[in-house]
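Here is what each chain is made of, one letter per residue.
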Amino acid sequence: MTSRLYSYLTLALVFLFLIGPFVIIVAAALSGGETLAFPPQGLSLKWIAKVFEVESFRESFALSMFLAIFGTLAALVLGVPVAYAASRYRLPFGETIRTIVSAPIIVPGIIVGLALLRYLVIPLDVSVGLALFIAHTALILPYAVRVVSASLDNLRSDIEEAAVLLGSSRVATFFRIVLPNIQSGILAAFILGFVTSFNQVPVSLFLSGPGVRTLPIDMIWYMEITYDPSVAALAALLAFLSISIVFLAERFLGFSRYV
Amino acid sequence: MFHNRTEALALAMPAAIFAAIVFLVPVGILLSEGFRAADSWTLSAYTGFFDNELNRVVFWRTLKLGALVTAASAVIGYATAYAIVTLPPTARGRMIGLVVMPLMISPVARTYAWIVILGRTGIVNKAIVGLGLSDEPLRFLFTETAVFIGLLQLFLPLMILSLISALENMPKDAVPAARVLGANWLQVFLKVILPLTKEGLVIGGTLVFTGSLTAYITPAILGGSKVLMLETLLYQRVTVANDFASASIIAMILMVMSFSANMLLKRLATARSKR
Amino acid sequence: MLKTLLASSVAFAALAGTANAADKKLVISVYGFAQDEFKEIVYDPFKAICDCDLVVETGNSVERLAKLEARKDDPEIDMAVMSTHDALAAARKGVTQPIDVSRLTNYDKLYDIAKDPLGDHLGVGYTFYATSIAYRADKVKIESWADLFQDELKGRVAFPNVTTNQGPPALYMLGMAMGNDAADLKAPIDEVASNKDDIVTFYERSSQVAQLMQQEEILAAPIGRFSWGPYSKMDMDMAWATPKEGETGGMNVMILTKGAKNEDLAYQFMDFWLSTDIQTKLAEALVDSPANSEVVVSDEIAENLTYGAETVKNLKLLPPDVILDNREAWLSEWNAKVGQ
């Protein structure tokens, strides 16, 4: 029984460490005082309201949402065929291709951002927005391939082979049989990609321009120029956004199997 | 299994070409810049980089903090993962959810909280003074301790998750069997759990170590210019001095460090199993 | 596929309400502080009269200068504001062009020192600031720059990093307090180095200091007067030191980028910002001390600013070329002694 007790104690301490800071952020966000402090002085929603008044947050939120949604979609469009080819075909140079598409996960983000700034944005006059889109797509690609591959490996391939033998085209087989069966894997990849992109900092650090700045970068900047609890309010709002997406996904899909 | 090679390549090539052109090529050029002198290839920039004392200090600090965070997260990770795996299934699912949750919160927000918590008037110092552990509040902000705490909080969930899946794949009766045979907990851990979960440890360790090396926000906010790490040094070199050569060298060092850590952990894992 | 995505991105941006119908667009690059006030006092009223879109890029001088240089051949930015020495650096790198002051109707109202601080009309001063020490009057007493390293402040003081605009002037004053005003700043850097364990942090942004002060992490720090606003509102006994060596400070200037795509708008904007009306409002909001000599503010406001010809004349400023020519040396000296 004592070992049970130790387990519970361990869990309590670890979760205090992991989640405690978040509780403090939420408390600070609801503070009635003028400064960031814990315990908060009084209770109010004014800092939450202030977040919605900051114009740059609206713009950077829109950009981050755009990158997270369309970057992930683009990564899936590129990544699903790779996963399919790797799992259903004898793919020539399979190992090389897999290494190439998963490289973005290995290279530190700040280097990716700097490299794209120096060799894509500046010399080729690519806009910062497009560079961000490319960088985020590349960054999500490894996740898309990995999660969808796992999903495909769990799906028996003889059904498709039978369908093809019976005269269905490859493309039709993919859309009618494979895709419906790996739906939840694709959704899991989408959510993972979305959250990764949405919270991404280092890649976007060098990739910002006039009026083009992702939300996390905007937040860092804002944090450095203000010290009132609106920063905490923004952080808390974003956390709730991410958590509710994941919670819903978990609820309906059992998403944590794929993480 | 289909056998049409052209079809397979056609499916895989767009992604590979995309990643190669927009990703590998720019990164490759950036990394090669550190080896380029006026008209030849050389290592002199690297030796020059390490001749500078500040750079050496930052390099060792990054390595040290990365190793410490990895070691600490392995210890805490095993205790936590084991506690979670032995729970009944519903509770286990909830606990895993709680481990995943911090990963979904922006690192900016997570790091920011520590400024309040670790400050002179923050709760940690209030507790320390209140418990009589120190007369004066301690200075945490802008120290290596603060960066260590911030990084550990950021990456511990990755270690816990890797270890949970490793522990789940372990034969259910291995630990009870060893206990029945009279092994104490340390022996059980070293002889049974560790060998059976080393793959999870390698994956978790690589994720945590690489994460710690390449985190920007945490050292920037909690360390500042007094506790520069390679990543913040890189940013500073570029923005303050427009010094792309140093940036390229630091980038290469970071990548080499990540790869070597991965190799080393793999090596350690196999060495242990041979015994 | 990419095209479809980009097309939908436009649709998405429109949905999110970020698209703007105005076809004239001015892009400016400014410091990040007090943007709420600038928006209310400068940007929004200007947008109303120019019928154009105004895109504001923020950052510290160094970052923004690096970006200006990177986009030299195809500038996105039309006008920028920066410190005199960064403006001089920009001019030497050929990213700026002389300002035709005859197009600025408010030019003649400026204090003489602001009219042509860089020569060749490469910049026009729009604000000054004093740099001195903000401190907790209930905890410590500061009468000299050397008092930063008194015993009561061990572990409770922040100092500007040498890379910031406040760093070199603060070091210079520290040197004066030590009886050494050499431009190489070797003596004060040594002094900072020998006290570095007692300095909480070498801050990189002025506003970062406010949070530290608020949390009682620090009791004193050299800051620019432009960031004084929040301190005066703090529920603490904050004071602005008048050290016996004097106060230092700096001037910020407007510059026009070479090849600016919206030159006319840039001139219109600069003139608007220099007008008596706008300069007065910025002063009253405690954002920027006026460079326009016609600005009149109440004593209470003047108290919190760097106001009036006399005050400005008494600031011990490091000339921009001295800063620019020594900066590299200061940085390596600092990195070698303080940086680790």
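No experiment lies behind these values; they were computed from the predicted model shown.

Our next topic: the overall build of chain B. Looking only at helices and strands, chain B has twelve helices and zero strands in total. Moving toward the C terminus, one meets the helices and strands of chain B in the order α-α-α-α-α-α-α-α-α-α-α-α. Considering only C-alpha atoms, chain B reaches an extent of 70 × 70 × 35 Å along its principal axes. Within chain B, the fraction of its 275 residues that count as buried is 46%. For chain B, contacts bridging at least 24 residues in sequence account for 73% of all contacts bridging at least 6.

Attention shifts here to the overall build of chain C. The number of helices and strands found in chain C is 14 helices and eleven strands. A compact globule built from 340 residues should have a C-alpha radius of gyration of about 20 Å, and chain C, at 21 Å, falls within 12% of that. Taking the principal axes of the C-alpha coordinates as reference, chain C spans close to 65 × 50 × 40 Å. Residue burial in chain C is summarised as follows: out of 340 residues, 52% are buried. A sequence separation of at least 24 residues applies to 76% of the contacts in chain C between residues at least 6 apart.

When the parts of a complex come together, some accessible area is lost, and that lost area is often used as the size of the interface. Residues and elements named next belong to chain C. Looking at chain C, the domain boundaries give domain 1 (23–128 + 250–309) and domain 2 (130–249 + 319–337). Between domain 1 and domain 2, the C-alpha centre-to-centre distance is 26 Å. Across the contact, 18 residues belong to domain 1 and 19 residues belong to domain 2. When contributions to the side of domain 1 that touches domain 2 are tallied by element, the ones reaching two or more residues are helix H3 (61–70) and helix H4 (84–92). The element that contributes the greatest number of residues to the side of domain 1 that touches domain 2 is H4, accounting for four residues. Across the side of domain 1 that touches domain 2, the residue classes break down as eight nonpolar, nine polar and one charged.

Attention shifts here to the nonpolar core. Formed by 271 residues in total, the largest nonpolar core has its most connected members in Ala235 of chain A together with Val157 and Ala220 of chain C. Beyond its immediate chain neighbours, meaning those up to four positions away, Ala235 of chain A contacts Ile25 of chain A together with Ser106, Val108, Ala109 and Tyr112 of chain B.

Right, let's get into unusual backbone geometry. Even without being glycine, Phe93 of chain A reaches a positive phi, approximately 55 degrees. Structurally, the position occupied by Phe93 of chain A is in the loop between helix H3 (55–88) and helix H4 (94–106). Using a count of 14 C-beta atoms within 10 Å as the deciding quantity, one classes Phe93 of chain A as partly exposed. Phi angles above zero are rare outside glycine, and Leu286 of chain C is one such case at about 60 degrees. Position of Leu286 of chain C relative to the elements: it lies in the loop between helix H11 (276–284) and strand S11 (289–290). Its 21 C-beta neighbours within 10 Å are what place Leu286 of chain C among the buried residues.

Taken together, the contact pairs 65 residues of chain B with 68 residues of chain A. Listing elements by their share of the side of chain B that touches chain A, those giving two or more residues are helix H1 (5–33), helix H3 (53–85), helix H4 (89–104), helix H5 (107–118), helix H7 (144–168), helix H11 (230–241) and helix H12 (244–274) of chain B. Sorting elements by how many residues they give to the side of chain B that touches chain A places H1 of chain B first, with 19 residues. Of the residues that constitute the side of chain B that touches chain A, the class distribution is 52 nonpolar, nine polar and four charged.

The next point concerns the packing of H4 of chain A against H1 of chain B. Where H4 of chain A meets H1 of chain B, the closest approach of the two axes is 9 Å, and the angle between their N-to-C directions is 50 degrees. Of the possible angle classes, the one that applies to H4 of chain A and H1 of chain B is oblique. By crossing handedness, the relation of H4 of chain A to H1 of chain B is classed as left-handed. In contact with Ile97, Ile100, Val101, Ala103 and Pro104 of chain A of H4 of chain A, H1 of chain B contributes Ala12, Ala15, Ala16, Ala19, Ala20, Phe23 and Leu24 of chain B. Here the residues of the contact of H4 of chain A with H1 of chain B sort into twelve nonpolar, no polar and no charged.

All names here are of chain C. Of all the five residues making up strand S8 (residues 220–224), five are buried; the element is thus mostly covered by neighbouring parts of the structure. Burial along S8 is two-sided: the residues Ala220, Pro222 and Gly224 and Ala221 and Ile223 are all buried. In this structure, strand S5 (residues 124–136) lies alongside S8, joined through five bridges in antiparallel fashion. When the sheet's bridge partners are listed, Thr131 is paired in S8 with Gly224.

Next up on the list: the confidence of the model for chain B. Taken residue by residue, chain B gives an average pLDDT of 87. The fraction at 70 or more is 96%. For chain B, the element scoring lowest by mean pLDDT is H12 of chain B, at 81; H3 of chain B scores highest, at 95.

A word on the pairing of strand S7 (residues 199–203) of chain C. Residue and element names in this part refer to chain C. Taken across its five residues, S7 has five buried, putting it largely inside the fold. Bridge count for strand S6 (residues 157–160) against S7 is three bridges, and the pairing is parallel. Bridging across to S7, Val157 finds its partner in Ile199.

Residues and elements named next belong to chain C. Checked against the element boundaries, Thr84 lands in helix H4. Put simply, Thr84 and Trp228 are 144 residues apart on the chain and 21 Å apart in space, counted from C-alpha to C-alpha. Among residues more than four places away in sequence, those in contact with Thr84 are Pro117, Leu118, Gly123, Gly250, Met251, Val253 and Pro320.

Over its 30 residues, helix H9 (residues 185–214) of chain B extends only 35 Å from the first C-alpha to the last, a length that falls short of the 44 Å expected when each residue adds 1.5 Å. Of all the bends found along H9 of chain B, the most pronounced is centred on Lys198 of chain B and spans about 60 degrees.

Quick look at the environment of Pro75 of chain C now. Residue and element names in this part refer to chain C. One can find Pro75 in the loop between H3 and strand S3 (79–83). A residue is classified by how many C-beta atoms lie within 10 Å of it, and Pro75, with 19 of them, is partly exposed. Along the primary structure Pro75 and Gly259 are separated by 184 residues, whereas in three dimensions their C-alpha atoms are 6.8 Å apart. What Pro75 contacts, discounting residues up to four positions off in sequence, is Thr257, Gly259 and Ala260.

All names here are of chain C. The end-to-end C-alpha distance of helix H14 (residues 320–337) is 24 Å, a good match for the 26 Å that 18 residues give at a rise of 1.5 Å each. Along H14, the sharpest change in direction is near 50 degrees and occurs at Asn326. By the burial criterion, the buried members of H14 are Pro320, Ile323, Trp330, Glu333 and Trp334. Taken together, the buried residues of H14 touch H4, helix H6 (167–177) and helix H7 (186–194).

Residues and elements named next belong to chain B. Relative to the elements of secondary structure, Ala245 occurs in helix H12. For the pair Ala245 and Pro137, spaced 108 residues apart in sequence, the C-alpha separation works out to 42 Å. Every residue in contact with Ala245, bar those within four places of it in the chain, is listed here: Glu33, Gly34 and Ala45.

To continue, consider the packing of H4 of chain C against H14 of chain C. All names here are of chain C. Where H4 contacts H14, the two axes come as close as 8 Å, and the packing angle between them is 70 degrees. Comparing their axes, H14 and H4 come out roughly perpendicular. Considering only the axes of H4 and H14, their crossing is right-handed. Side by side, H4 and H14 meet where Thr84, His85, Leu88 and Ala89 of the first sit next to Pro320, Asp321, Ile323 and Leu324 of the second. Here the residues of the contact of H4 with H14 sort into five nonpolar, two polar and one charged.

This part takes up the confidence of the model for chain C. All names here are of chain C. Confidence in the prediction for chain C averages 87 pLDDT; 92% of positions are at 70 or higher. Here helix H1 (residues 2–15) is the element of chain C with the lowest mean pLDDT, 44, and S6 is the one with the highest, 96. Confidence drops under a pLDDT of 50 for residues 1–21, and excluding neighbours within four residues, the segment shows 15 contacts in the predicted structure. Taken together, the chains of this predicted complex give a pTM of 0.85 and an interface ipTM of 0.88.

Calculation rules
Every chain's residues receive numbers from 1 upward, in the order its sequence appears when written. All chains are assigned letters beginning with A, and all ligands numbers beginning with 1, in the order in which they are written. pLDDT decides what is reported in this predicted model: residues at 70 or higher carry local features, side-chain atom pairs at 80 or more are listed and counted, and totals for whole chains, interfaces and linings draw on all residues regardless. Numbering of helices and strands runs from the N terminus; a helix is a DSSP stretch of H or I covering at least four residues, while a strand is a stretch of E covering at least two. Exposure is read from a count of other C-beta atoms within 10 Å of each residue's own; the residue is exposed at 12 or fewer, buried at 20 or more and partly exposed in between. C-beta atoms are placed from the backbone. The contact criterion used is a C-beta to C-beta distance within 7 Å, with each C-beta placed from the backbone. Atoms counted for the radius of gyration: C-alpha only. Globule rule: 2.2 Å times the number of residues to the power 0.38. Reported domain spans reflect what an automatic or database domain assignment gives. Three categories are distinguished: nonpolar for Ala, Val, Leu, Ile, Met, Phe, Trp, Tyr, Cys and Pro, charged for Asp, Glu, Lys and Arg, and polar for the others, with Gly belonging to the last. Think of a nonpolar core as buried Ala, Val, Leu, Ile, Met, Phe, Trp, Tyr and Cys residues chained together by C-beta atoms that fall within 7 Å. To obtain an axis, a line is fitted to C-alpha atoms, over the contacting stretch when the element is a helix, and the angle between two such axes runs from 0 to 180 degrees between their N-to-C directions. Roughly parallel covers angles under 35 degrees, roughly antiparallel covers those over 145, roughly perpendicular covers 65 to 115, and oblique covers all other angles. Handedness of a crossing is defined here by the sense of rotation of the near helix relative to the far one, left-handed for an anticlockwise turn of less than a right angle and right-handed for a clockwise turn. Here, any two strands with at least 2 DSSP bridges between them count as paired. The pLDDT value tells you how sure the predictor is about a given residue, anywhere from 0 up to 100. Here the expected span of a helix is defined as 1.5 Å times the quantity of residues minus one. Fitting axes to the seven residues ending at a residue and to the seven starting there, one defines the bend at that residue as the angle between these axes.

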